[in-house]
Amino acid sequence: MPRGKLYGIGVGPGDPELLTIKAKKILEEVEVLFIPKSKQETRSLALSIVTQAVDKDWECYELLLPMTKDQEILQQHWQEAARQITEVINTGRDAAFITLGDPSLYSSLTYLLRSIGQINPEIDVKIIPGVSSLNSVAAWIQQPLAEGDESLLIIPAGRVSEDIGRLLDQVDNIFLLKAGREVDKIRRLAEDQQTSGRVYLASRCGFPDGFYTTDLKSLDEQDFNYLTSLLIKKNRKEG
Ligand SMILES: C[S@@+](CC[C@H](N)C(=O)[O-])C[C@H]1O[C@@H](n2cnc3c(N)ncnc32)[C@H](O)[C@@H]1O
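As the structure is a computational prediction, the values presented were derived from the model and not from experiment.

As for the site of the ligand
Working step 1: Inspection of the region around the ligand gives 18 residues, with Asp 102, Leu 105, Ser 133, Tyr 226 and Ser 229 positioned closest.
Working step 2: The contact in question runs from an oxygen atom of the ligand to an N or O atom on the backbone of Thr 228, over 2.9 Å.
Working step 3: Here Ser 229 contributes a side-chain N or O atom positioned 2.8 Å from a nitrogen atom of the ligand.
Working step 4: When the ligand is considered free in solution it has 570 Å² of accessible area, and contact with the protein chains removes 97% of it.
Working step 5: Cavity membership is defined here by more than half of the atoms lying within 2 Å of grid points; on that basis the ligand lies in the largest pocket.
Working step 6: Taken together, the residues of the shell around the ligand sort by class into 10 nonpolar, five polar and three charged.
Working step 7: Each of domain 1 (5-128) and domain 2 (133-233) contributes no fewer than three residues to the shell around the ligand.

In structure tokens, the structure reads:
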């Protein structure tokens, strides 16, 4: 029996209207949906985006992919997820794995495809790009990510040291992802003279409760969540 195809689909950052026409078409065609879920999530964000844009009763499988740095635990979960996907594909059915934003940017799809490659490198995989949080946040706050010959650094907030001002000696724009866990660092950023007035914080862009601000000092701890990103612009122009 011929094997099915696996689609890795980027579903955009939140607004269901940002699901691409290509993604929508494939989601209408496939029978099986694989949905990544962390332990913390009660409902998958990616699934909530897809169900608002596509009306279909898929056979759904939740794949538990915990947010941990423990490599052994991660490996176990990716391998189990890869095994489940391979089993479905081997029955000849096409399936889609959905992921938030774009699949090339900090997506669990990357690790999953490595595990699938180890089990069965013959599986036909197609990756469908999505609108990333970078593009979506930039459009929302009406600021370019970079212009002219400016540089742009994309980095998880946990990777940068406290002294972001010094980083701005080397780059013109910085996009910080996964900033929700770095409340203290963001607070200090708000007090830093070198960065003041240059930082935009965007939370849950595209969701009804989303907000953005340049007034970081006014934020409370509960304003920080998993979908928090920052854009820092060295050459910020007013307006
Ligand atoms: C694991 S990364 C996934 C990035 C995703 N693949 C993309 O293309 O945007 C998750 C981080 O993306 C950012 N993010 C994703 N969706 C967002 C949204 N709707 N609003 C603000 N930031 C978002 C946040 O920084 C979040 O912590």
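With respect to the sheet that holds strand β6 (residues 152-156)
Within a sheet, adjacent strands bond to each other through the backbone by hydrogen bonds, running parallel or antiparallel.
Working step 1: Sheet architecture is open: five strands sit in the order β6-β7-β10-β8-β9, paired in mixed fashion. Since the sheet does not close on itself, it has two edges, and those belong to β6 and β9 (211-213), each with one partner. In this sheet, adjacent strand axes meet at a mean angle of 15° when their direction is disregarded.

Description of the pairing of strand β10 (residues 228-233)
Working step 1: In terms of burial, β10 is a largely internal element, six of the six residues being buried.
Working step 2: Alignment of strand β7 (residues 173-177) against β10, held across four bridges, turns out to be antiparallel. Considered in β10, the bridge of Asn 173 is made with Lys 233.
Working step 3: In this sheet, β10 lies alongside strand β8 (residues 199-203) in antiparallel orientation, the contact comprising five bridges. Following the sheet pairing, Tyr 200 is matched in β10 by Leu 231.

Thoughts on the sheet that holds strand β2 (residues 32-37)
Working step 1: Reading across the sheet, the five strands line up as β3-β2-β4-β1-β5 and stay open at both edges, with parallel pairing between neighbours. If you trace the sheet from one side to the other, it starts and ends with β3 (59-64) and β5 (124-128), each paired once. Between one strand and the next, the sheet's axes are offset by a mean angle of 20°, whatever the strand orientation.
Working step 2: One ladder, built from six bridges, connects β2 with β3; its direction is parallel.

So, the layout of surface pockets
Unfilled space is identified by rolling a water-sized probe across the atoms.
Working step 1: Here the largest pocket is characterised by a volume of approximately 1,400 Å³.
Working step 2: Contributing to the lining of the largest pocket are 43 residues, with Met 67, Tyr 106, Lys 178, Arg 181 and Tyr 226 lying nearest its centre.
Working step 3: Sorting elements by how many residues they give to the lining of the largest pocket places helix α3 (residues 71-89) first, with three residues.
Working step 4: A class-by-class count of the residues in the lining of the largest pocket yields 21 nonpolar, 13 polar and nine charged.
Working step 5: Each of two domains, domain 1 (5-128) and domain 2 (133-233), supplies a minimum of three residues to the lining of the largest pocket.

A word on the environment of Asn 235
Working step 1: On the secondary structure map, Asn 235 appears in the segment after β10.
Working step 2: Placed 95 residues apart in sequence, Asn 235 and Trp 140 show a C-alpha to C-alpha distance of 19 Å.
Working step 3: Apart from residues no more than four positions distant in its own chain, Asn 235 is found in contact with Glu 150 and Asp 172.
Working step 4: Side chain to side chain, Asn 235 and Glu 150 meet in a polar contact 3.1 Å long.

How each quantity is defined
Residues numbered from 1 in each chain as written. Predicted model: local features only at pLDDT ≥ 70, side-chain atom pairs only at ≥ 80, totals over all residues. Heavy atoms only, no water. Near = heavy atom within 4 Å. Polar contact = N/O pair within 3.5 Å; in protein donor to acceptor, adjacent residues only side chain to side chain. Areas by Shrake-Rupley, 256 points an atom, 1.4 Å probe, with all protein chains shown as cover. 1 Å grid on protein atoms, 1.4 Å probe; cavity = no way out; pocket = protein on both sides within 12 Å on 5 of 7 lines; lining within 4 Å. Sits in = over half its atoms within 2 Å of the grid points. Nonpolar A, V, L, I, M, F, W, Y, C, P; charged D, E, K, R; others polar. Domains from an automatic or database assignment. Pairing = 2+ DSSP bridges. Helix = DSSP H or I, 4+ residues; strand = E, 2+ residues; numbered from the N terminus. Axes fitted to C-alpha atoms, helices over the stretch in contact; angles between N-to-C directions. Buried < 20%, exposed > 50% of the residue type's maximum accessible area, 1.4 Å probe, protein only. Points joined across faces, edges and corners; volume = space filled by probe spheres on them. Contact = heavy atoms within 4.5 Å.

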